[in-house]
Amino acid sequence: MQRRVRVPVAITLVVTSLMANLLTACSGNQTAENPSPGSSPAATGSSPAAAGGDGGLKLGALLPITGDLAAIGQNMPEAAQLAVDTINACGGVNGKPVTLVKEDDQTDPAAGAAAMSKLAESDKVAGVVGSFASSVSGAAVDIAARNKIMLVSPGSTSPVFTDRAKKGDFQGYWARTAPPDTYQAAALAALAKKKGFENVGTVVINNDYGVGFEQAFVNALTKAGGKLTNKDKPVRYDPKAPTLDSEAAAAFANKPDAVAAVLYTETGSLLLQAAYKQGLTKGVTVLLTDGVYSEDFTKQVGKGTDGKSIIAGALGTVPGADGKALEAFTKLWKEKTGKEVTAFVPHTWDAAILMMLAAEAAKANTGEAIQSKIREVAGGPGTEVSDACQAMELVRKGEDINYQGASGNVDIDENGDVVGSYDVWTVNDDGTLKVIDKVSPAL
């Protein structure tokens, strides 16, 4: 057995302090004398932006390029980069270019927390666009708040964040440009009522997003007069479970008219396949949400023996984009990327634009500066403006603005929340998706 030697705490602290000072000195010499190849002053890791120095504003992007939400998340970093490029083209923030550091959170809370720590401690960003998954944002937000970094999510919709914000957990360093699921759950319940579904089952991924949505949906549906077929036995599936056969059977039991399924793409497709193979989906409408609003999802679910999508006729809700800047943004996005605007791309653009406007309004490139001004530029009493560069120019002149985004009016309240509208979408026989209606939350 190897014998462990206990080092006195005082010695440990002294050694740690000496090493930290040495590393700081070396880092400063490396930056001043030997910057890394190809780096610019605005892009070096030693930028003092987070400390309120003279460096340009540095932002991070913590988004799912891989993992369970990659099908939806893969365009989000591009939207954040387009926002930064656009503002840099019209003068940057506080007279200097903005730098964006991108991290893949892998749709995994542990990976997201590690990436957030890197952005805070190594990259020293002032603000972060992210994350998308509520579970990842939940792991990242405490790190952000502790380091006084503004975290603005384009799609983490769990009601948990509202509850924690009311308790003061985030100290104002949290906001989102997509509305919380208290609204979307109510919208989905309103859709169920509109379609005449009297008995509804539920199945959700067992994380902050799924459980938070489920609870809000059950409350809204019950309030609207609907009945839950599994109210006393909610079905919550483990995304790492080897099979989902029993969860599928439980969700579709008791002859529901519809099943509200709050899923992620990879694991959710497996659950619906399991339900289909057991013959449970016939005559039952599947109600879906924003987490699977992607044709990659329907492809993974697959087709039946008749050649049609297993979930043809399924209905879903997704936060819509109806902001005054949407038309111009859509044109710019297509010009720069050659792609169609997908879900949450406008929300990502708005998250980045708001932080840059807030830093300019505060005349400082720090997280504290962004936190102090973001609500003011998002929904203050100033001039309504939807063009990002025009908004930046007005702020530079010291004028008050009310930024009107691509996703919506982005009026952020004291809990970091916005109110939005919802598109209703359906799955066609061939697995393609089509927006067919709009629905408002009936709270």
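Quick caveat, the model's predicted, so the values are computed rather than measured.

Each value, and the rule that gives it
- Residues numbered from 1 in each chain as written.
- Predicted model: local features only at pLDDT ≥ 70, side-chain atom pairs only at ≥ 80, totals over all residues.
- Heavy atoms only, no water.
- Salt bridge = Lys/Arg side-chain N within 4 Å of Asp/Glu carboxyl O.
- Helix = DSSP H or I, 4+ residues; strand = E, 2+ residues; numbered from the N terminus.
- Buried < 20%, exposed > 50% of the residue type's maximum accessible area, 1.4 Å probe, protein only.
- Phe/Tyr/Trp six-rings, centres within 6.5 Å; stacked < 30°, edge-to-face > 60°.
- Pairing = 2+ DSSP bridges.
- Right-handed = clockwise from strand over helix to strand, strands pointing away.
- Contact = heavy atoms within 4.5 Å.
- Axes fitted to C-alpha atoms, helices over the stretch in contact; angles between N-to-C directions.
- Polar contact = N/O pair within 3.5 Å; in protein donor to acceptor, adjacent residues only side chain to side chain.
- Parallel < 35°, antiparallel > 145°, perpendicular 65-115°, else oblique.
- Nonpolar A, V, L, I, M, F, W, Y, C, P; charged D, E, K, R; others polar.

The final tally for this structure, using the stated rule, is 15 salt bridges. Put simply, Glu340 and Lys334 hold a salt bridge, and the shortest N to O gap is 3.4 Å. When the shortest N-O distance is used, the salt bridge between Asp423 and Lys438 registers 2.5 Å. Remark: Lys438 occurs in strand E15 (residues 433-439) and Asp423 occurs in strand E14 (residues 422-427); sequence separation between them is 15 residues. Residue Asp423 is classed as buried on the basis of its relative accessible area, which comes to 14%. Judged by relative accessible area, which is 45%, Lys438 ranks as partly exposed. Shared partners join several salt bridges into a network, and the residues in it are Glu103, Lys118 and Asp123.

A separate point is the packing of aromatic side chains. One pass over the full model with this rule turns up nine aromatic pairs. Seen from their ring centres, Phe329 and Trp349 are 5.0 Å apart, and the 45 degrees between their planes marks the pair as tilted. You can see Phe329 sitting in helix H12 (residues 326-337) and its partner Trp349 sitting in helix H13 (residues 345-362), a full 20 residues away along the chain. As far as the burial class goes, Phe329 and Trp349 line up, both buried.

The side-chain alternation of strand E3 (residues 127-130) yields two buried faces, one formed by Gly127 and Val129 and the other by Val128 and Gly130. Examined bridge by bridge, E3 and strand E4 (residues 150-153) share three bridges and lie parallel to one another. When the sheet's bridge partners are listed, Val129 is paired in E4 with Val152. Handedness of the β-α-β unit built from E3, helix H5 (residues 134-146) and E4 comes out right-handed.

Turning our eyes to something else, we now look at the side chain of Glu360. Assignment of secondary structure puts Glu360 in helix H13. By relative accessible area, which is 4% here, Glu360 ends up buried. Each residue touching Glu360, except ones within four places of it in the same chain, is listed here: Gly92, Val93, Asn94, Met392, Val395 and Arg396.

This part is about the sheet that holds strand E1 (residues 58-63). An order of E2-E1-E3-E4-E5 is seen for the five strands of this open sheet, with the pairing classed as parallel. Both edges of this open sheet fall to strand E2 (99-104) and strand E5 (174-176), since each of them pairs with a single strand only. Each neighbouring strand pair of the sheet contributes to a mean axis angle of 20 degrees, computed without reference to strand direction. When E1 meets E3, the two strands line up parallel, connected through four bridges.

This brings us to the side chain of Thr298. Looking at the element boundaries, Thr298 is found in helix H11 (residues 295-301). Its relative accessible area of 5% is what places Thr298 among the buried residues. From its side chain, Thr298 meets the backbone oxygen of Gly431 in a polar contact 2.6 Å long. Dropping the residues within four chain positions of it, Thr298 is found in contact with Ile311, Val427, Gly431 and Leu433.

So, on to the packing of H13 against helix H14 (residues 367-379). Geometrically, a packed helix pair is captured by the angle between its two axes and the distance between the axes. Direction vectors running N to C along H13 and H14 enclose 110 degrees, while the axes themselves pass 7 Å from each other. By the angle between their axes, H13 is roughly perpendicular relative to H14. Judged by residue contacts, Leu354, Met355, Leu357, Ala358, Ala359, Ala361 and Ala362 of H13 engage Ala369, Ile370, Ser372, Lys373, Ile374, Val377 and Ala378 from H14. Split by residue class, the contact of H13 with H14 holds twelve nonpolar, one polar and one charged.

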